[in-house]
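Reading the structure
Residues per chain are reported as follows:
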Amino acid sequence: MKEDEAAPMLGNVPMPSSLKGLSGRLLLLTVAFIVLAEILIFAPSIANMRVRWLTDRLNVAAAAAIVADGFPQQDLSRALQDETLMATGTKAIVLRRHDAARLVAVADIPPKVDAQYDLSAVEPLSAICAALDTLFFGGDRIIRAYGPLGDSDTTIEVVLTDKALRKAMLSYAWTVFLLTTVLSAITGGLIFLTINRMLVRPIRSMTGNMRDFAADPSDPSRILKPSGGHDELAVAGVHLAEMQRALQGTLKEQKNLADLGLAVSKINHDMRNILSSAQLMSDRLAAVDDPVVKRFAPKLLRTIDRAVGYTTDVLSYGRMQEPAPRRRFVPLAPLVADVSEMLSIDPLSGIAFVMEVEPGLEVDADSEQLFRVIHNLCRNAVEALTQHPGRDPGCLTVSAVRTGSVVSITVDDTGPGMPPKARENLFAAFRGSARSGGTGLGLAIARELVLAHGGTIALVEKATDGTQFRIELPDRPVPLAAFRNRAS
């Protein structure tokens, strides 16, 4: 295996090495910024070095000129002038007092002076430009520098070549370059190690955890263990761990739904055969000439038909597919009466079923789906009243009222109410059950069906004991074309 193929992988994405990753880029940026800062510092620094070098030459020449000024000009020998010029590194030294000038020493008069510099008034920008010009293009120029002699009104002036000046400047630049390189290496290395330890390693750890968690999200041991710090990465680790726990819970719920769908699909075929046989026998019972049989046979047929539909509906919910409602205006009172008969409340239980629905009230809904919604809510209420006896009287009330184009249906019981856990996970499958062993699918299915009608379902807070749900179903808007056809 090649070296670049041996890098750890995150899915199909290779994990970058330290130098090629974030820390390596930060190292290069650090070095680049240090070099840039040194360059910005170097320009005024080299200008100051040049001014100091010329000032030193003026000071040395001034000391020699003061000594030589004590002798008459005609007594200053050629040898003494040469020694003075050699000692000061100049070609000519001139003292100026007021309007008089004295040529202290001169070797040979240069044909021209390439540049002149007044060291008594140095401007930063011009000094930087002159320094860079000397550094890159100097070495064979004749320059003239002058400045005051101490606090007196005497001016010292020298003429010299810039060869020695450029050599000194190159030496200074080389020293600065070496120091910059060393400082950049040390600073960049420290920053690299610090960032690698404080930033890159935690990010790599989180990335590796995400890779391992993605390989098997159901394994609780693969949830990230936060470092416990207080910085941004530690907070991100806490949120990542919470997100992984929530994802595991969601995956568990999805698995339960998948298992439910698989289980129902296995028994659905046999259940359909059994119910089909029951339908045939019920059809024969309907032909029996007995008043009692004729009274109960239609209800038995409707019950078996609903049972066949329920097997399909439960399977559809397991696949997260609910059919679209087939809406029409349905009389609500007969539908609630069917729910009451389906509940088959034991007369000895003491539970009273009260229906407060006007006979002429109609609701725009799918009758079978609305039946399932009301039946699920009423069945939960009956189970709550049955499991907590001693509440006298136990009463289940279904009421409805129309306000404009909205029908409000209320299912109210006098039971013990919903426990806090069920309230927190209301309408959540497998978590919103109010009784032990329940799945919470009834409320989840009811909510899905109500939402499919464009309505709402909510738990209403009560001042007394019990549970109250309110369903609000709006009528469908009538299309303008259908209204015109109906009006005509």
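So, a few notes on the structure that sits alongside this text.

1. Details of the packing of aromatic side chains
For the structure shown, the criterion picks out 1 aromatic pair. Looking at Arg-50, its charged tip hangs above the ring of Tyr-117, at a distance of 4.1 Å from the centre.

2. Notes on the sheet that holds strand β9 (residues 351-356)
Strand order in this open sheet of 5 strands is β9-β11-β12-β14-β13, and the pairing throughout is mixed. With partners counted over all chains shown, the strands left at the sheet margins are β9 and β13 (456-460), one partner each. Neighbouring strand axes in the sheet, compared pairwise and without regard to direction, differ in orientation by 15 degrees on average. By the bridge criterion, 6 bridges tie β9 to strand β11 (residues 394-403) in an arrangement that is parallel. Residue Ala-352 lies in a different strand from β11, and its bridge partner there is Cys-395.

3. Here we look at the pattern of salt bridges
Taken as a whole and assessed by the stated rule, the structure comprises 10 salt bridges. A salt bridge links Lys-462 to Asp-412, with the shortest nitrogen-to-oxygen separation between them at 2.7 Å. Of this pair, Lys-462 sits in the loop between β13 and β14 (468-474) while Asp-412 is found in strand β12 (residues 406-413), placing the two residues 50 residues apart along the sequence. Assessed through its relative accessible area of 23%, Lys-462 is described here as partly exposed. Overlapping salt bridges bring together Arg-96, Arg-144 and Glu-157 as one network.

4. Here's the deal with the packing of helix α3 (residues 124-137) against helix α4 (residues 163-215)
Where α3 contacts α4, the axes come no closer than 9 Å and their chain directions differ by 95 degrees. When the axis of α3 is compared with that of α4, the two are roughly perpendicular. Contacts between α3 and α4 involve Ala-131, Thr-134, Leu-135 and Phe-136 on the former and, on the latter, Leu-165, Arg-166, Met-169 and Leu-170. Of the residues contributing to the contact of α3 with α4, the split by class is 6 nonpolar, 1 polar and 1 charged.

5. A look at the packing of helix α8 (residues 367-387) against helix α10 (residues 441-452)
In the contact formed by α8 and α10, the axes pass within 9 Å of each other and the chain directions differ by 150 degrees. The pairing of α8 with α10 is recorded here as roughly antiparallel in orientation. Considering the relative orientation of α8 and α10, their crossing is left-handed. Contacts between α8 and α10 involve Gln-369, Arg-372, Val-373, Asn-376, Leu-377 and Asn-380 on the former and, on the latter, Gly-442, Leu-443, Ile-445, Ala-446, Leu-449 and Val-450.

6. Here's the deal with α8
The end-to-end C-alpha distance of α8, which contains 21 residues, comes to 30 Å, matching closely the 30 Å that a straight helix rising 1.5 Å per residue would cover. Between a side-chain oxygen at the N-terminus of α8 and the backbone nitrogen of Glu-368 the separation is 3.1 Å; the capping residue is Asp-366.

7. Looking at the sheet that holds strand β4 (residues 100-106)
If you trace the 5 strands from one edge of the open sheet to the other, you get β4-β3-β7-β6-β5, paired in mixed fashion. Every other strand in the sheet has two partners, leaving β4 and β5 (115-118) as the edge strands with one partner each. The average undirected angle you get between the axes of adjacent strands in this sheet is 20 degrees. As defined by bridge partners, strand β3 (residues 92-97) adjoins strand β7 (residues 154-161) across 6 bridges and the pair is classed as antiparallel. Directly across from Arg-96, in β7, lies its bridge partner Thr-155. Sitting on the sheet, helix α2 (residues 78-88) is in contact with β3 and β4, with an inclination near 90 degrees to β4.

Cut-offs and rules
Residues numbered from 1 in each chain as written. Predicted model: local features only at pLDDT ≥ 70, side-chain atom pairs only at ≥ 80, totals over all residues. Heavy atoms only, no water. Phe/Tyr/Trp six-rings, centres within 6.5 Å; stacked < 30°, edge-to-face > 60°. Lys NZ or Arg CZ within 6 Å of the ring centre and 35° of its normal. Pairing = 2+ DSSP bridges. Helix = DSSP H or I, 4+ residues; strand = E, 2+ residues; numbered from the N terminus. Axes fitted to C-alpha atoms, helices over the stretch in contact; angles between N-to-C directions. Salt bridge = Lys/Arg side-chain N within 4 Å of Asp/Glu carboxyl O. Buried < 20%, exposed > 50% of the residue type's maximum accessible area, 1.4 Å probe, protein only. Parallel < 35°, antiparallel > 145°, perpendicular 65-115°, else oblique. Contact = heavy atoms within 4.5 Å. Nonpolar A, V, L, I, M, F, W, Y, C, P; charged D, E, K, R; others polar. Left-handed = near helix turned anticlockwise from the far one by under 90°. Expected span 1.5 Å × (residues − 1). Polar contact = N/O pair within 3.5 Å; in protein donor to acceptor, adjacent residues only side chain to side chain.

Nothing here speaks to function; it is all geometry.
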